[in-house]
Amino acid sequence: MAAILPRSPEARLVETRQRGWVNPYAGLAAFDFARQAPSSDISAYVDHFWVVTWTGLAEPYEQRIVSHPTVNMTITRDFHRIAGVIKGGFSYTMRGDGRVLGVRFRPGGFRPFLDGPVSQLTGRFVEIGEMYGPAGAALVEDVLSEPDTAAAIALIETFLSSLKPVRDPVAEEVAALVGMVESDVSVTRVDELAARSGRSVRSLQRLFRDYVGIGPKWVIRRFRLHEAAERINDGLELATLAVELGYTDQAHLTRDFTAAVGMPPAAYARLTNRP
């Protein structure tokens, strides 16, 4: 389980599961991972900060991620960028010693920091200095030169607050809808989500493209794949799991799972099987 960095008494708890990590148990043996809740000043926009650190890796270690429907800001010595929603899986290779400090924004939470729809970032990585100019470049330099992780996070919080985001009730509505999709496995179709939201399917699709960066169908499928990866070692037959998660059949689930994770469900079950 991921560690939670110490915070003030008002700090809320954050998700501690490694949803979206491919074979997280092997990863946690290679590096340390921690999350930190944001301060109240930016909690309407930021879900949590995440930190990966490693020391003295004898061999390079590659961690594959099945992405979430969120925007991330990531600062490490190799890159410092804003990542839109990544449709496929992606990976990062760790060598020697290092630290990755990331900000996961809430679904829709990056919209107040962007002059335009979040869909313009989908599938893209944009340098922080390119998006925010000299102030962004200075932030990167300060964070990379700050060895204390808590202090580095404080620098990012100060920077985000300085951008003076304005709370958007629509963004908060979107975050609640995405949270519903993630937590309620019975939501398997866009029309179901539209009915619960009180919007038409077309209106919901426009809303998600503008605030999340990708359509509601992709969001539903992605969270159902996360669910499948978590439950694949529970002994549930794939055909049963496919029906439960809204897939037309086992083959459909297998195709989607393989495309996102990089291996079919049976191979993933063998990889992640723990004594």
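Residues numbered from 1 in each chain as written. Predicted model: local features only at pLDDT ≥ 70, side-chain atom pairs only at ≥ 80, totals over all residues. Heavy atoms only, no water.

Okay, the pairing of strand S6 (residues 89–105) next. For strand S3 (residues 46–66) and S6, the ladder comprises 15 bridges, and the chain directions are antiparallel. Each bridged residue has a counterpart across the sheet, and for Trp54 the counterpart in S6 is Gly98. Here four bridges tie strand S4 (residues 72–75) to S6, and the two strands are oriented antiparallel to one another. Looking at the pairing, Ile75 lines up with Leu101 of S6. (Pairing = 2+ DSSP bridges. Helix = DSSP H or I, 4+ residues; strand = E, 2+ residues; numbered from the N terminus.)

In this section: the nonpolar core. Residues Met73, Phe105, Phe110, Ile156 and Leu160 are the most contacted members of the largest nonpolar core, which totals 28 residues. The set of elements that each furnish at least two residues to this core consists of S3, S4, S6, helix H2 (128–145) and helix H3 (149–162). Residue contacts for Met73: discarding those within four places in its chain leaves Arg81, Ile82, Leu101, Gly102, Val103, Phe105, Ile128, Leu139, Ile156, Phe159 and Leu160. If you look at the next biggest cluster of nonpolar residues, it comprises 20 residues, including Val181, Val187, Leu193 and Leu204. (Core = buried A, V, L, I, M, F, W, Y, C linked by side-chain atoms within 4.5 Å. Buried < 20%, exposed > 50% of the residue type's maximum accessible area, 1.4 Å probe, protein only. Contact = heavy atoms within 4.5 Å.)

The next thing to look at is helix H7 (residues 216–231). Given a rise of 1.5 Å per residue, 16 residues ought to cover 22 Å, and the 23 Å separating the end C-alpha atoms of H7 matches this to within 8%. Within H7, 13 of the 16 residues are buried, which leaves it mostly tucked inside the rest of the structure. (Expected span 1.5 Å × (residues − 1).)

Quick look at the packing of helix H5 (residues 190–197) against helix H6 (residues 201–211) now. It is at 9 Å that the axes of H5 and H6 come closest, and there the two elements cross at 90°. As judged from the angle between their axes, H5 and H6 are roughly perpendicular. Seen from H5, the contacting residues are Val190, Asp191, Leu193, Ala194 and Ser197; seen from H6, they are Val201, Leu204 and Phe208. Of the residues contributing to the contact of H5 with H6, the split by class is six nonpolar, one polar and one charged. (Axes fitted to C-alpha atoms, helices over the stretch in contact; angles between N-to-C directions. Parallel < 35°, antiparallel > 145°, perpendicular 65-115°, else oblique. Nonpolar A, V, L, I, M, F, W, Y, C, P; charged D, E, K, R; others polar.)

Here His68 shows up in the loop between S3 and S4. Overall, the relative accessible area of 8% leaves His68 in the buried class. A distance of 3.5 Å separates a polar atom in the side chain of His68 from a polar atom in the side chain of Arg104. (Polar contact = N/O pair within 3.5 Å; in protein donor to acceptor, adjacent residues only side chain to side chain.)

Here the focus is the packing of aromatic side chains. Throughout the structure, instances matching the rule amount to eight aromatic pairs. Ring plane angle 75° and centroid distance 4.9 Å describe the contact between Phe105 and Phe110, whose orientation is recorded as edge-to-face. We note that Phe105, like Phe110, is buried. Look at Phe257 and Tyr268: their rings are 5.5 Å apart centre to centre, the planes differ by 70°, and that puts the pair in the edge-to-face class. Separated by 11 residues along the polypeptide, Phe257 in helix H9 (residues 250–261) and Tyr268 in helix H10 (residues 265–272) bring together distant segments of the chain. Phe257 gets classed as buried once you look at its relative accessible area, which sits at 1%. What makes Tyr268 buried here is its relative accessible area of 4%. Clustering of aromatic rings is evident, with ring pairs tying together Tyr45, Phe105, Phe110 and Phe113. (Phe/Tyr/Trp six-rings, centres within 6.5 Å; stacked < 30°, edge-to-face > 60°.)

How two helices sit against one another is set out by the angle between their axes and by the gap between those axes. Relative orientation of the contacting elements H7 and H9 amounts to 90°, with a least axis distance of 10 Å. In terms of axis orientation, H7 runs roughly perpendicular to H9. When H7 is examined against H9, the residues Arg221, Arg222, Leu225, Ala228 and Ala229 are found in contact with a partner set consisting of His252, Leu253, Asp256, Phe257 and Ala260. Counted by class, the contact of H7 with H9 contains six nonpolar, one polar and three charged residues.

This part covers the pairing of S4. Two faces make up the sheet, and in a regular strand the side chains alternate between them. Neither face of S4 is open: one carries Asn72 and Thr74, the other Met73 and Ile75, and all of them are buried. Where S4 folds back on strand S5 (residues 80–83), the antiparallel hairpin that results is connected by four residues.

What follows is about the pattern of salt bridges. Counted by the stated rule, this structure contains eight salt bridges. When the shortest N-O distance is used, the salt bridge between Glu192 and Arg189 registers 3.2 Å. Exposure remark for Arg189: the relative accessible area of 43% places this residue in the partly exposed category. Among the ionic pairs, Arg231 bridges to Glu227, the shortest N-O distance being 3.9 Å. One end of the pair, Arg231, and the other, Glu227, are both in helix H7, four residues apart, so they sit about a helical turn from each other. Owing to a relative accessible area of 12%, Glu227 belongs among the buried residues under this scheme. A single network of salt bridges, built from pairs that share partners, joins Arg189, Asp191 and Glu192. (Salt bridge = Lys/Arg side-chain N within 4 Å of Asp/Glu carboxyl O.)

On their own, these measurements won't tell you what the molecule is for.
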